[in-house]
Amino acid sequence: MLTDSQTCMTAVRSRDARFDGWFVTGVRTTGIYCRPSCPATPPKARNITFYPSAAAAQAAGFRACKRCRPDASPGSPEWNVRADLVARAMRLIADGVVDREGVDGLSRRLGYSTRQIERQIRAELGASPLALARAQRAQTARVLIETTTLPLTQVAHASGFGSIRSFNDTVRAVFAMAPRELRSKTGLSAGHTSAGSAWHHLHLRLPFRRPLRVDNLFGHLVATAVPGVEEWREGAYRRTLQLPHGPGIVALRPDDGFIAARVWLRELADLPVAISRSRWLLDLDADPEAVDAHLSDDPVLAPMIAGAPGRRVPRTVDGAELALRLVLGQQISTRAARTHAARLVEAYGEPIDDPEGGLTATFPDASRIATASDRTLAMPQSRRATLRGLAAALADGELDVSTSADWAETRRNLLALPGIGPWTVEGVAMRALGDPDAFLATDLGVRQAMSRLGIPDRGRAALAATEPWRPWRAYAVQHLWASGPHEINQLPEPARKVS
């Protein structure tokens, strides 16, 4: 996180939106905290305290600015590029683990003592895991208050609050308004399903840092979409989700300055998780200007980046699903991989009643695939054994491919499985674990692109040529892929450029 006061002050005075989410500004004379790009007149330096997180500012007694909405800024890109304990903990907190399992559950997942996790998080972020989870709940509550017609009691439940009193107290402390006041002042948009529906239907906006290049981001997801689980409809990518309290569906459409999200949930308590996984899927917390500036230092990549700034890494909503699908796609075409996956979904997926039709099931659990019949695994025997072995390791908990996994350990464990090679390992690291430096050196599309650019594309010479791209080689892969004619680089219909 940023701790240099001079750099922070420069960002505030220039209202630099690139720093939104990196830190917040507490103004002692007003008791308000803002994002760096707040349009209000910057306060005097002597009246400012910089905090590494909104939770730290809230813990110090500051309330959120009503003008710049610091609670609605993109998340810090710091947690997407680090593999240390704090970063892993932050990814779990974003996924709602503290709300569901408490700090003890967070500790168990990370394999460290509660005391050590509390100490490290507080030292870096100025707030405890509980305070960070509370800030996340407050942000979710404000979104629901302002954009849905949900009764406030349901808003409290959906936001993760254990009681109405805690909900009221937190909203009042953070936003200087009671929930009813906040709703009455902002106006509402239709958002909730009609009475009697099995689904809760919500409309949300997901912010990001500009620029955002949407062609290969959505194009990759659409080109590899598994029938029944994913689809492209009316300019939106739709897919089913398996959430902690039940199934869900999300539709994500690029718009000017935000991603328009429509979410269907069985249980409202799953909303924060659905939002977090959607943001992870589209890499919305990335810092594209920092990535592009670094990669542009390479004269070979510079023209590609100048022509298509803001590329993101298409990720996944479920690491286990992604790993299994990568094995299905080993050494075959994208279309064939979709066919194999669709066969598994039809046989073992959990059926789902899509309110808009088109989607039929969630992707099967690893435990189901581990015992899948030969009839549903129409592939060479060696790959069939690899798929079952991977599925068994995932189902037994021997292999962690979640966003909070240790990157080095997961790579070692994957390579130890028969039939798993560098291509699969780096694909998991890039799209499931979120390692920004993952590099698919053996991928055919990457090698062909490097060859066209006059870059060595094999062995140690190829890896040496990519050294200047560190630590952003996963983003370099997106530019290399995009240099070819593959369908993953194009949407099935024209999309408006988002910048």
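For every chain, the first residue of the written sequence is number 1, and numbering continues from 1 onward in sequence order. Since the coordinates come from a predicted model, pLDDT governs what is reported: local features require at least 70, and pairs of side-chain atoms require 80 or more to be given and counted, while whole-chain, interface and lining totals use all residues. Only hydrogens and water are removed before side-chain values are computed, so all heavy atoms of the structure are retained for them.

A. How the structure looks around the overall build of the chain. Numbering of helices and strands runs from the N terminus; a helix is a DSSP stretch of H or I covering at least four residues, while a strand is a stretch of E covering at least two. If you tally the helices and strands in the chain, you get 22 helices and eleven strands. Computation of the radius of gyration draws on C-alpha atoms, with the globule rule given as 2.2 Å multiplied by the number of residues to the power 0.38. A compact globule built from 499 residues would reach a C-alpha radius of gyration of about 23 Å, and the chain, at 23 Å, matches this within 12%. Viewed in the frame of its principal axes, the chain has a C-alpha envelope of about 65 × 55 × 50 Å. Contacts were defined at the residue level, with two residues in contact if any of their heavy atoms lie within 4.5 Å. For the chain, long-range pairs separated by at least 24 residues make up 69% of all intrachain contacts whose partners lie at least 6 apart in sequence. In these tables, accessible area is a Shrake-Rupley quantity obtained with a 1.4 Å probe, and a residue counts as shielded only by the protein chains included in the view. Per element, the accessible surface of the chain, about 20600 Å² overall, is 50% carbon and sulfur. As used throughout, the charge tally considers Lys and Arg to be positive and Asp and Glu to be negative, leaving His and the chain termini uncounted. Every charge is mapped to an atom, namely NZ of Lys, CZ of Arg, CG of Asp or CD of Glu. One way to put it: in the chain the 63 positive side-chain charges average out to a point 5 Å from where the 52 negative ones average out.

B. Examining the nonpolar core more closely. Counting 73 residues, the largest nonpolar core has Leu106, Phe167, Phe218, Leu252, Ile259 and Leu282 as its most contacted members. Residues contacting Phe167, with those up to four places away along its chain left out, are Ala141, Ile145, Leu152, Val155, Ala156, Phe161 and Pro179. Nine residue types can take part in a nonpolar core, namely buried Ala, Val, Leu, Ile, Met, Phe, Trp, Tyr and Cys, and a core is a set of them joined through side-chain atoms within 4.5 Å. Partly exposed residues are those whose accessible area sits between 20% and 50% of the maximum for their type, while under 20% is buried and over 50% is exposed, using a 1.4 Å probe and protein chains only. Grouped together as the second largest cluster of nonpolar side chains are 63 residues, Met304, Phe363, Leu414 and Ile488 included.

C. Structural detail: the pattern of salt bridges. Between Lys or Arg on one side and Asp or Glu on the other, a salt bridge is scored when a side-chain nitrogen of the former is within 4 Å of a carboxyl oxygen of the latter. Summed over the entire model, instances satisfying the criterion amount to 38 salt bridges. For the salt bridge of Arg233 with Glu356, the shortest nitrogen-to-oxygen distance reads 4.0 Å. Residue Arg233 is found in strand β6 (residues 230–233), and its partner Glu356 is found in the loop between β10 (350–351) and β11 (361–362); the two are separated by 123 residues along the sequence. Residue Arg233 is classed as partly exposed on the basis of its relative accessible area of 24%. Of the charged contacts in the structure, one is a salt bridge between Arg470 and Asp437, with a shortest N-O distance of 2.3 Å. Taken together, the residues Arg470 in the loop between α21 (459–466) and α22 (473–482) and Asp437 in the loop between α19 (422–433) and α20 (444–452) connect sequence positions 33 residues apart. Note on Arg470: relative accessible area 36%, which makes it partly exposed. A network of salt bridges, in which partner residues are shared, links Glu231, Arg233, Arg238, Arg262, Asp354 and Glu356.

D. Molecular detail of the sheet that holds strand β9 (residues 258–265). Only strands joined by at least two bridges in the DSSP assignment are considered to pair. One open sheet holds the five strands; their spatial order is β5-β9-β8-β7-β6, and the pairing between them is antiparallel. Here the strands that pair on one side only, and so sit at the sheet edges, are β5 (200–207) and β6. Averaged over all neighbouring strand pairs, the angle between strand axes comes to 25°, with direction disregarded. Sheet topology note: the β5/β9 ladder contains eight bridges and is antiparallel. Bridge pairing in β9 places Leu206 opposite Ile259. Each axis is a line fitted through C-alpha atoms, taken for helices only over the stretch in contact, and angles between the N-to-C directions span 0 to 180 degrees.

E. Region of the structure containing the confidence of the model for the chain. Per residue, pLDDT captures the predictor's confidence, and it can take any value from 0 to 100. For the chain, per-residue confidence averages 92 on the pLDDT scale, and 96% of positions sit at 70 or higher. Within the model, the stretch residues 189–195 combines pLDDT values under 50 with 16 contacts to residues more than four positions away or in other chains.

F. Region of interest: the packing of aromatic side chains. A pair of Phe, Tyr and Trp rings is counted when the ring centres sit within 6.5 Å of each other, with Trp represented by its six-membered ring. The angle between the planes then sorts it: under 30 degrees is stacked, over 60 is edge-to-face, the rest tilted. Tallying each qualifying case throughout the model produces seven aromatic pairs. Both rings, one in Phe19 and one in Phe23, keep their centres 6.4 Å apart while their planes meet at 55°; by these two values the pair is tilted. A relative accessible area of 19% places Phe19 in the buried class. Classification of Phe23 by relative accessible area gives buried; the value is 2%. Aromatic rings pair up to connect Phe19, Phe23 and Phe50 into one cluster.

G. Looking closely at the side chain of Ser276. In this structure, Ser276 sits in helix α11 (residues 271–282). Classification of Ser276 by relative accessible area gives buried; the value is 15%.

H. Summary view of the pairing of strand β7 (residues 236–243). Among the eight residues that make up β7, seven are buried, leaving the element largely enclosed by the rest of the structure. Direction of pairing for β6 relative to β7: antiparallel, over a ladder of four bridges. If you follow Trp232 over to β7, its bridge partner there is Tyr237. Relative to strand β8 (residues 246–255), β7 runs antiparallel, the two sharing seven bridges.

I. Quick look at helix α3 (residues 85–94). Of all ten residues in α3, nine are buried; the element is thus mostly enclosed. Among the residues of α3, Leu85, Val86, Ala87, Arg88, Ala89, Met90, Arg91, Leu92 and Ile93 are the ones counted as buried. On its buried face, α3 sits against α4 (97–110), α5 (114–125), α6 (129–147), α11 and α18 (407–415). Whenever two N or O atoms come within 3.5 Å, that pair is a polar contact, provided that in protein one can donate a hydrogen and the other can accept it, and provided that, for residues adjacent in sequence, both atoms are side-chain atoms. Its side-chain oxygen at 3.2 Å from the backbone nitrogen of Val86, Asp84 defines the N-terminal cap of α3. Positive phi appears at Gly96, one or two residues downstream of α3, with a value of about 85°.

J. Molecular detail of the sheet that holds strand β4 (residues 63–64). A sheet is described by the order of its strands in space; here four strands give the open sequence β3-β1-β2-β4, paired in mixed fashion. Among the strands making up the open sheet, the edge pair consists of β3 (48–51) and β4. Looking at chain direction, strand β2 (residues 32–34) and β4 are connected through two bridges and run parallel. Counted as the bridge partner of Ile32 is Arg63 from β4. Each of β1 (24–27) and β3 is contacted by helix α1 (residues 5–13), which is oriented at about 105° to β3, the strand it contacts most.

K. Region of interest: α11. With twelve residues, α11 extends 17 Å from end C-alpha to end C-alpha; this agrees with the ideal 16 Å at 1.5 Å per step. Most of α11 sits inside the fold, with twelve of its twelve residues counted as buried. Among the residues of α11, those classed as buried are Leu271, Pro272, Val273, Ala274, Ile275, Ser276, Arg277, Ser278, Arg279, Trp280, Leu281 and Leu282. Multiplying 1.5 Å by the helix residue count minus one yields the expected span of that helix.

L. Structural view of the environment of Leu243. Examined against the element boundaries, Leu243 turns out to sit in strand β7. Residue class for Leu243 comes out buried when judged on its relative accessible area of 5%. Sequence separation between Leu243 and Ile332 is 89 residues; the distance between their C-alpha atoms is 30 Å. Every residue in contact with Leu243, bar those within four places of it in the chain, is listed here: Gly248, Leu265, Asp270, Val273, Ala274 and Arg277.

M. Structural view of the side chain of Arg239. Examined against the element boundaries, Arg239 turns out to sit in strand β7. Within the structure, Arg239 has its side chain in polar contact with the side chain of Glu321 (distance 2.9 Å). Apart from residues no more than four positions distant in its own chain, Arg239 is found in contact with Val229, Glu230, Gly248, Ile249, Val250, Val317, Glu321, Arg325 and Leu359.

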